[in-house]
Amino acid sequence: MDFNIGKAVTCIKGDRVTYKEEEDLKIPVDNKHLFKIKVRTPQTMRISGLLLQQTDECTINLLPGWNGIGFTPIVNLPISEALADYYDEAADGDIIKSQNEFAIFSDDGAGHRLWRGNLSYLKAGEGYMMKRTAATPASFTYPVLQTNGSYALASPQQMRGTETGETFRNPYASSMTMVAQVTGIDLEPGDRLAAYAGNELRGIATAAPDGRFYLSIGGDMAEALRMELLRGETTVAQTASPVGYTVNAVSGTYLAPTQINFASAAGCKAGPNPFDKFIDFSAAAPAGTEVTFAVYSLGGTLVHRYQATADAPLTNYRWMGAAALAEGVYIATITYNGESHSFKLIKQ
């Protein structure tokens, strides 16, 4: 099989750069690996090849750790069907992920062995990263489908992440996976857990029916992430401490999800959202604590700051200068005891 692609590209096989050229390329690819193509300008790629109908052509070999793998069937298949031959080899914590979604294998030791997450289907023509947690190699064979078979392409609705109801489009070549539970604040239907690097959204998910958030978080380098709980367009809570991002890292499993604790932010509020003439702050800080209320532009410029001494049970402050602000997005912060809690507000 060949890719015919234009100029100025980078081709990555798994996580290894195989071609980096400035001339027109014809890149030989195979059916066993994942290939990533990075371009500086939009391009059309033509893919040509033969239908794979032999067992050895549809067999994938895995090493311990991460593997870049292809998907050989010509139709989209539910993940449990596509990986049926791997079922006996699968272990708790094994992961398969696309650029935007992932599924993690869970085994509770009581006979419940299944894939969970927002990656529900493996799709014809796509590549995946698969992590094997066991220390030994393994192999599996995809279903070998004949051209006269009875399989039909799944609809986009069927292939969408059924656990979370939405898919975050990761613009980065790499990602980390997170299985998380929220503590310290009562969830409401539709609440979303979001990961930010600075002001850039890197991943977002709605709680699955099992109460966990399955986040695929994008990024190409190690950095700190801020976790926020979104209710509609409002940030209702934010973690006081950052979460570290590392390429291909795995944070949490189904049996031991990462705990995202919003307890310290539960007593802080800023609003209304959207706002017009004023912003109200409320802080449940211990009596006698110094509290700082502030407003920043989205670019980080300080717009307003006010300091007060907390009085039980709540310290409230209304800033009446908001009417002079231009329309846009602002960050309101409440800081006390060395912790800062932030809220994204929109000026209309």
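Everything that follows concerns the structure shown earlier in this document.
As a starting point, this report considers the structure included with it. What you are looking at is a predicted structure, and each value in this text was computed from that prediction instead of being measured.

Rules and cut-offs
- Going along each chain's sequence as written, the residues are numbered from 1 onward.
- Predicted model: local features are reported for residues with pLDDT of at least 70 only, side-chain atom pairs are reported and counted for 80 or more only, and whole-chain, interface and lining totals are derived from all residues.
- Processing note: side-chain calculations cover all non-hydrogen atoms of the structure and skip hydrogens and water entirely.
- Put simply, DSSP marks the helices as runs of H or I at least four residues long and the strands as runs of E at least two long, and each gets a number from the N terminus on.
- Relative accessibility decides the category of a residue: with a 1.4 Å probe and only protein chains considered, values under 20% of the type maximum give buried, values over 50% give exposed, and everything between is partly exposed.
- As used in this structure description, the phrase polar contact means that two N or O atoms lie within 3.5 Å; if the pair is within protein, one of them must be able to donate a hydrogen and the other to accept it, and residues adjacent in sequence are counted only when both atoms belong to side chains.
- Any two residues whose heavy atoms approach within 4.5 Å at even a single point are treated as in contact.
- Between rings of Phe, Tyr and Trp, where Trp is taken as its six-membered ring, a pair exists when centres lie within 6.5 Å; planes separated by under 30 degrees are stacked, by over 60 edge-to-face, and by other angles tilted.
- Any residue with relative accessible area above 30% and no salt bridge may belong to a patch, with like charges joined within 9 Å and the nonpolar Val, Leu, Ile, Met, Phe, Trp and Tyr side chains within 5 Å.
- All accessibility values rest on the Shrake-Rupley procedure with a 1.4 Å probe; residue burial counts only the protein chains present in the view.
- We define a salt bridge as a contact between a side-chain nitrogen of Lys or Arg and a carboxyl oxygen of Asp or Glu at a distance within 4 Å.
- Pairing between two strands requires that DSSP report at least two bridges joining them.

**Focus: the side chain of Arg-226**
Mapped onto the elements of the fold, Arg-226 is located in strand β20 (residues 223-231). Among the residues examined, Arg-226 registers a relative accessible area of 19% and is labelled buried. At 2.8 Å, the side chain of Arg-226 forms a polar contact with the backbone oxygen of Gly-198. When neighbours within four sequence positions are excluded, Arg-226 is seen to be in contact with Ala-194, Ala-195, Tyr-196, Gly-198, Gln-238 and Thr-239.

**Quick word on the packing of aromatic side chains**
Using the criterion set out here, one finds 11 aromatic pairs in the structure. Ring centres of Phe-281 and Phe-293 lie 5.2 Å apart, and the angle between their planes is 50°; this geometry places the pair in the tilted category. You can see Phe-281 sitting in strand β26 (residues 279-283) and its partner Phe-293 sitting in strand β27 (residues 290-297), a full 12 residues away along the chain. Residue class for Phe-281 comes out buried when judged on its relative accessible area of 2%. Here a set of aromatic residues connected by ring pairs shows up, and it is made of Phe-71, Tyr-86, Phe-140 and Tyr-142.

**Regarding a nonpolar patch on the surface**
Taken together, the side chains of Leu-298, Val-329 and Ile-346 make up a nonpolar region of the molecular surface, amounting to roughly 200 Å² of accessible area. Mapped onto the elements, Val-329 comes out in strand β30 (residues 328-336).

**A few points about the environment of Val-144**
Following the sequence through the fold, Val-144 ends up in the loop between β15 (138-141) and α2 (156-159). Its relative accessible area of 28% is what places Val-144 among the partly exposed residues. Through-space distance from the C-alpha of Val-144 to that of Leu-52 is 7.8 Å; in sequence the pair is 92 residues apart. Ignoring sequence-local partners within four residues, the contact set of Val-144 consists of Gln-53, Gln-54, Thr-55 and Cys-58.

**Details of the pairing of strand β29 (residues 315-319)**
Successive side chains on a regular strand alternate, one facing one side of the sheet and the next facing the other. The two faces of β29 differ: Thr-315, Tyr-317 and Trp-319 on one face are buried, but Asn-316 and Arg-318 on the other face are not. Where β26 and β29 come together, five bridges link them in antiparallel fashion. Pairing of Ser-282 across the sheet is with Asn-316, part of β29.

**Thoughts on the pattern of salt bridges**
Taken as a whole and judged by the stated rule, the model has nine salt bridges. The partner of Glu-101 in a salt bridge is Lys-123, and the shortest N-O contact between them spans 3.9 Å. With Glu-101 in the loop between β10 (95-97) and β11 (102-107) and Lys-123 in the loop between β13 (121-122) and β14 (128-132), this residue pair connects regions lying 22 residues apart in the sequence. Pair check on accessibility: Glu-101 and Lys-123 agree, each one buried. Close ionic contact of Glu-200 with Arg-202 constitutes a salt bridge, the shortest N to O distance being 3.1 Å.

From the geometry alone we can't say anything about function, so treat these as descriptive.
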